[in-house]
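# Coordinates in review
Below, each chain spelled out in residue letters.
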Amino acid sequence: MHSNWRDCQEWRSEGLPLSTTSNEACKMYDATLAQLLGFYNDSSVGGMQKSADKMVEADPNFIMGQTWSCLLKRYSGQLTWRDAEFQTNVDDLVKRAETAEITGRERKHVNAAKLFADGYSIEACLAWEKILVDYPTDALAVKLAHDTYLDLGYQRQMRDSVARVLPYWKTTKPLYGYLLGMYSFGLVETDLYAPAETMARKGLEMNKQDIWSSHALVHVLEMTARYEEGIKFLNSTRNDWTTCDALAYHNFWHWALYYLEKGDFDGALGIYDAELGCKSEQGVKLHDAASLLARLEMEGINVGDRWDDVYEYCRPIIDSHVRCFTDIHMLMACHGAKQKELGQNLMESIRDYIRNTKGSNRDITQSGLPVFEAFEAYNDEDYGRAVDIIHPIRYDLVKLGGSNAQRDVFNMFLIHAALRAPGRYYQNLARQLILEREALRQKTPLIDQLMAKTVNAHMD
């Protein structure tokens, strides 16, 4: 882990000067950046939020310190359109940046942060890319673009953004290794599994605690149907990637997916209870918890009252609308907990959000409305309608964001809706969708179980 934090002179020598005379502010900038890239909280500086706070305390006029405050608030799920205080803080930051003696690069960061906070994620990515044209070693711009491309489902952009700047980085440069994990993830999301695996393993050679490289390798092993190997890898390296407390839960989710494909539903539930549900150390993790429970229920597994905790997590934030992808998982939680009224409230809130706001995030939610309608139809046991809605748009669902593995819940949703829908057409479609999955993932116990259901349906 990088821990020799860089001071004012070191940032200048790298061609990335920071407009502050405080060495402490510069060092806390570096500490916060390292923790963001590495998905961990460094106890020596009190964690990522504390190091960001220390940055501002060291120099209250440090524009990039104030920009960090804005970015971390946005990462936590805040948007200016529903938080008046956040809106005021962002607007004040922009005004100060207009007259402050700062670099052009820093001013561009402020403008990008405002776009990000206002819900214009696509435009924010373009702004970060402009920074990288002139400053390809700006790790903050690389990371922000990478994460946001993932949220947008911009797979090629996520890959190519790192590919363009990686040659400018010396292997000895602080934080270099994290770019390998980012590039690996872009490769795996564009189905380039062999080079993705090579890059991920190279990243882990440089830093065995680089969870993003571990995560990218986990994706490779899943997409190439190497489930046993994936379980062994996660188990043998557990002490490394669990040091990254801001993402470790997600690797556990992938571990549970390996069990799902093997037909070991008890194993998947065990991971849910230990690492993803309310009894885990970090509490409910919405995307991972909701999708895992939904997939287990599709397979006929009784998950008991586990949905109740996910629902309780969602209940106070159903009007947040940070991402369409998140809202879909909230709807899953409402349906799973049998809270139909809250599900209806969520849908009305989403429609109000689309009517009353602007921005690329809003536009993505509008395009995702059919997915919500399909899940509502499934919940109402109108399975044929669920299929009719989602089947024609299945290849467009990448626009909702998330990874291929995360969006696989929609593939399984379509298969199970078709299995449950009455009529030979839907049964034939279900069988073909399962055969398609087998061609991509090879034969697994889960696929065998799905195929058996089509046989039973034909016999019925």
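The structure we're discussing is the one just above.
Residue positions are given per chain, counting from 1 as you read along its sequence in written order. Under the rules for a predicted model, residues below a pLDDT of 70 receive no local features and side-chain atom pairs below 80 are neither given nor counted, while totals for whole chains, interfaces and linings still include all residues. Water and hydrogen atoms were dropped before computing side-chain values, which therefore reflect all heavy atoms in the structure.

This part is about the layout of surface pockets. By rolling a water-sized probe across the atoms, one finds the places where empty space is left. Points on a 1 Å grid over protein atoms alone make up a cavity when a 1.4 Å probe fits among them but cannot get out, and a pocket when they form an open set with protein on both sides within 12 Å along at least five of seven lines; lining residues each have an atom within 4 Å of a point. Grid points are joined across faces, edges and corners, and a volume is the space filled by probe spheres set on the points. In this structure, the largest pocket spans a volume of roughly 1,500 Å³. Around the largest pocket, the lining comprises 45 residues; the ones closest to its centre are Y75, S76, A246, Y249 and H287. A run of DSSP states H or I qualifies as a helix once it reaches four residues; a run of E qualifies as a strand once it reaches two. Both are numbered from the N-terminal end. Only α2 (23–38), α3 (48–58), α4 (63–75), α8 (139–152), α12 (211–223), α15 (248–261), α17 (286–298) and α19 (324–336) provide two or more residues apiece to the lining of the largest pocket. Looking at which element gives the most residues to the lining of the largest pocket, the answer is α8, with five residues. Taken together, the residues of the lining of the largest pocket break down into 19 nonpolar, 17 polar and nine charged. In this structure, the second largest pocket spans a volume of roughly 750 Å³. Contributing to the lining of the second largest pocket are 21 residues, with Y395, N404, N411, E436 and L440 lying nearest its centre. Any residue outside Ala, Val, Leu, Ile, Met, Phe, Trp, Tyr, Cys, Pro, Asp, Glu, Lys and Arg is labelled polar, Gly included; the first ten of those are nonpolar and the last four are charged. Residues of the lining of the second largest pocket, tallied by class, amount to ten nonpolar, three polar and eight charged.

The next point concerns the pattern of salt bridges. In a structure, side chains of opposite charge can pair up when their charged atoms sit close to one another. Here a salt bridge means any side-chain nitrogen of Lys or Arg lying within 4 Å of a carboxyl oxygen belonging to Asp or Glu. Counted by the stated rule, this structure contains 34 salt bridges. Between R238 and E275 there is a salt bridge, with its nearest N and O atoms 3.4 Å apart. Separated by 37 residues along the polypeptide, R238 in helix α14 (residues 238–241) and E275 in helix α16 (residues 265–276) bring together distant segments of the chain. Summary of the burial criterion: residues with accessible area below 20% of their type's maximum are buried, those above 50% are exposed, and those between are partly exposed, where the area comes from a 1.4 Å probe applied to protein chains only. Using a relative accessible area of 33% as the deciding quantity, one classes R238 as partly exposed. With its nearest N and O atoms 3.3 Å apart, the salt bridge here joins R295 to D408. Within this pair, whereas R295 is found in helix α17, its partner D408 is found in helix α24 (residues 404–420), the two being separated by 113 residues in sequence. Looking at R295, the relative accessible area reads 5%, which means it is buried. We classify D408 as buried; its relative accessible area is 2%.

Looking only at helix α22 (residues 369–379), the buried set comprises L369, V371, F372, A374, F375, A377 and Y378. Any two residues whose heavy atoms approach within 4.5 Å are treated as being in contact. Residues of α22 that are buried make contact with α17, α19, α20 (340–356), α21 (360–367), α23 (383–390) and α24. E381, located one to two residues past α22, shows a positive phi value of around 65°.

On to the packing of helix α5 (residues 84–99) against helix α6 (residues 104–117). At a minimum axis separation of 10 Å, α5 and α6 run at an interaxial angle of 160°. Here α5 lies roughly antiparallel to α6, going by the angle between them. α6 is crossed by α5, and the crossing has left-handed handedness. For the pair formed by α5 and α6, the contact residues are F86, Q87, V90, D91, L93, V94, A97 and E98 on the first element and R107, V110, K114 and A117 on the second. Every axis in this analysis is a line fitted to C-alpha atoms, fitted for helices over the stretch in contact. Angles between the N-to-C directions lie between 0 and 180 degrees. Roughly parallel covers angles under 35 degrees, roughly antiparallel covers those over 145, roughly perpendicular covers 65 to 115, and oblique covers all other angles. Crossing handedness: left-handed means the near helix sits turned counterclockwise from the far one by under a right angle, and right-handed means the same turn made clockwise.

Per the stated rule, a full pass over the model turns up three cavities of 30 Å³ or more. The volume enclosed by the largest cavity comes to roughly 130 Å³. Lining the largest cavity are 16 residues, with D151, V322, R323, N361 and I364 positioned closest to its centre. Counting only elements with at least two residues in the lining of the largest cavity, the list comes to α8, α19 and α21. Taken together, 14 residues form the lining of the second largest cavity, with W11, L16, L33, T137 and A139 sitting closest to its centre. Elements with a minimum of two residues in the lining of the second largest cavity: α2 and α8. Broken down by class, the residue content of the lining of the second largest cavity amounts to ten nonpolar, one polar and three charged.

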